[in-house]
Every structure is written in structure tokens, then in C-alpha cells.
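Commentary on secondary and tertiary structure
Read off the chains here:
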Amino acid sequence: MDRKLIDPSRLVLNPVRIFMEDWFILCSGENLPGKFNFMTIGWGSVGVMWGKPCFMAPVRPVRHTYKFMEKSHDFTVCVFPKSQRKALALSGAKSGRDIDKVKETGLTPMGSLKVMSPSFAEAELIIECKKIYFGDVDPRNCISATIAENYPEKDYHRMYLGEIVAVHGTEKYCSEK
Ligand SMILES: Cc1cc2nc3c(=O)[nH]c(=O)nc-3n(C[C@H](O)[C@H](O)[C@H](O)COP(=O)(O)O)c2cc1C
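Our subject in this report is the structure included herewith. (Residues numbered from 1 in each chain as written. Predicted model: local features only at pLDDT ≥ 70, side-chain atom pairs only at ≥ 80, totals over all residues. Heavy atoms only, no water.)

Side note on the layout of surface pockets
Roughly 360 Å³ of internal volume is contained in the largest pocket. In terms of lining residues, the largest pocket is bounded by 22 residues, among which Met-39, Thr-40, Ile-41, Arg-63 and Gly-92 are the most central. Residue composition of the lining of the largest pocket, grouped by class: seven nonpolar, 10 polar and five charged. (1 Å grid on protein atoms, 1.4 Å probe; cavity = no way out; pocket = protein on both sides within 12 Å on 5 of 7 lines; lining within 4 Å. Points joined across faces, edges and corners; volume = space filled by probe spheres on them. Nonpolar A, V, L, I, M, F, W, Y, C, P; charged D, E, K, R; others polar.)

Below is the structure:
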């Protein structure tokens, strides 16, 4: 994949459509067999907090990836071409507890530039993040009554905020202006 380094302030993406149409793979741990895990995420946000470019990733504590997110100082989020949709569906349906996700998805983990967590050779966009904050969804703070519908099992997301420390992507993700 022909990616180049992108300054976070030059990153081009539709922050709503990217989650609804493309999904991401969230990956955390070390780039060694068995030392990292990844899963598909369809929710999250990209923006600025405390003056830093940030990515927010919501992870339910029941996910295998949660353990890695807790242990690790960082994570990566990757966007893939549509041809990898099957791999993303699998990574969002099966747990790394039960299957070898690298083998089953056919994705190729590789070292990242600024963080320990691996990214993927097939990705068209890679966002590397250092964890700077987390917050748990607290049912007492839910102003909209519909939010509770997402938690019949009371497995409230932990929202990890990562400072974006490197972005690399194909041409379409970079604005020259
Ligand atoms: C489109 C899609 C979006 C998802 N978004 C999230 C999410 O934002 N947060 C989350 O905790 N799980 C999300 N999931 C579910 C996990 O990807 C799924 O439970 C996965 O199997 C967890 O893998 P793991 O146990 O190896 O971590 C999503 C699944 C799909 C298919």
C-alpha cells in the first residue's frame, strides 16, 4: 500500500461517514505473536482535546482487546480498502480468545512508526495513538434514554482517548492546503 506520512492537521476524512461506512480496526499490544489483539470498531471520534489531535475509541470490558488496551500505553486504528470487508467482519464477530485472528483474517501486522502497537500492511490509513485519558460510560450520566438500549448486559464502554502521534495514509487522506 502506497502510504505517506500525513500531518494530523492535514488529515482528510469525513468523521461521521468513516465510522458508518468504512469501520476501523483497533489494535493494541506489542508486535509479537500473542502479544497483541485487534477488533473492528464502528464507533469513535476524531478531534481535538486539550490542544492535542485525538482519537477516541470505545471498548467494552468483555472484549479480548480490552485487556491489551489496559496493559498497553498505546493503540493504532486502521482503515482498509473495501476489498478487506470480509476480514473486518470477521474481526468484529470472532474473539481473539477463540481464534487466531491474524491467520483467519489474513491481515499482516507490521511495526508502527511511533508506538509499540502494530498496524497493518493492508491498511490505507493508519493512525497511531498514545493513550492519554479514559472514561467509563456511567448510566447515571446518560441524558438520552436511548443510550441504555445499547447496554442490556450493562457492559458499559470504556472510552480511550489517544493522542494522535503519527498518521500515514494514501493520497486521498491528505490535503495539501
Ligand atoms: C461494525 C462493527 C463495529 C463494532 N464496534 C465496536 C466498538 O466500537 N466497540 C466495541 O467494544 N466492540 C465493537 N464491535 C464488536 C467487536 O469488534 C467484537 O465483539 C469482536 O469480536 C471483539 O473481538 P476481541 O474479543 O478479539 O477483542 C464492533 C463489531 C462490528 C462488526
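With respect to a nonpolar patch on the surface
A contiguous nonpolar surface patch, about 420 Å² in accessible area, is contributed by Met-49, Trp-50, Ile-132 and Tyr-133. Mapped onto the elements, Met-49 comes out in strand β4 (residues 45-49). What makes Met-49 partly exposed here is its relative accessible area of 35%. (Patch = residues over 30% accessible without salt bridge, like charges linked within 9 Å, V, L, I, M, F, W, Y side chains within 5 Å. Areas by Shrake-Rupley, 256 points an atom, 1.4 Å probe, with all protein chains shown as cover. Salt bridge = Lys/Arg side-chain N within 4 Å of Asp/Glu carboxyl O. Helix = DSSP H or I, 4+ residues; strand = E, 2+ residues; numbered from the N terminus. Buried < 20%, exposed > 50% of the residue type's maximum accessible area, 1.4 Å probe, protein only.)

Digging into the pattern of salt bridges
This model, assessed by the stated rule, comprises nine salt bridges. With a closest N to O distance of 3.3 Å, Lys-4 and Glu-171 form a salt bridge. Here Lys-4 is found in strand β1 (residues 4-5), whereas its partner Glu-171 is found in the segment after β10 (158-169), with 167 residues between them in sequence. Given the relative accessible area of 52%, Glu-171 is considered exposed. Its salt-bridge partner being Arg-60, residue Asp-155 comes within 3.0 Å of it at the nearest N-O pair.

Quick look at the side chain of Arg-60
Among the structural elements, Arg-60 can be located in the loop between β5 (52-59) and α2 (64-71). A polar contact is formed between the side chain of Arg-60 and the backbone oxygen of Asn-150, at a distance of 3.0 Å. The residues contacting Arg-60, other than those within four sequence positions of it, are Trp-43, Tyr-66, Asn-150, Tyr-151, Asp-155 and His-157. (Polar contact = N/O pair within 3.5 Å; in protein donor to acceptor, adjacent residues only side chain to side chain. Contact = heavy atoms within 4.5 Å.)

Remarks on the packing of aromatic side chains
Taken as a whole, this structure holds eight aromatic pairs when the rule is applied. Taken together, Phe-19, Phe-24 and Phe-55 form an aromatic cluster joined through their ring pairs. Positioned above the aromatic ring of Phe-68, the side-chain terminus of Lys-71 is 5.7 Å from the ring centre. Sitting above the plane of the Phe-38 ring, Lys-101 keeps its charged end 5.7 Å from the centroid. (Phe/Tyr/Trp six-rings, centres within 6.5 Å; stacked < 30°, edge-to-face > 60°. Lys NZ or Arg CZ within 6 Å of the ring centre and 35° of its normal.)

Concerning empty space enclosed by the protein
Under the definition given, this model contains one cavity of 30 Å³ or more. In this structure, the largest cavity encloses a volume near 60 Å³. Around the largest cavity, the lining residues are Glu-21, Asp-22, Phe-80, Pro-81, Lys-82, Gln-84, Arg-85 and Leu-88. Those elements that provide at least two residues to the lining of the largest cavity are α1 (17-22) and α3 (85-91). Looking at side-chain class alone, the lining of the largest cavity contains three nonpolar, one polar and four charged residues.

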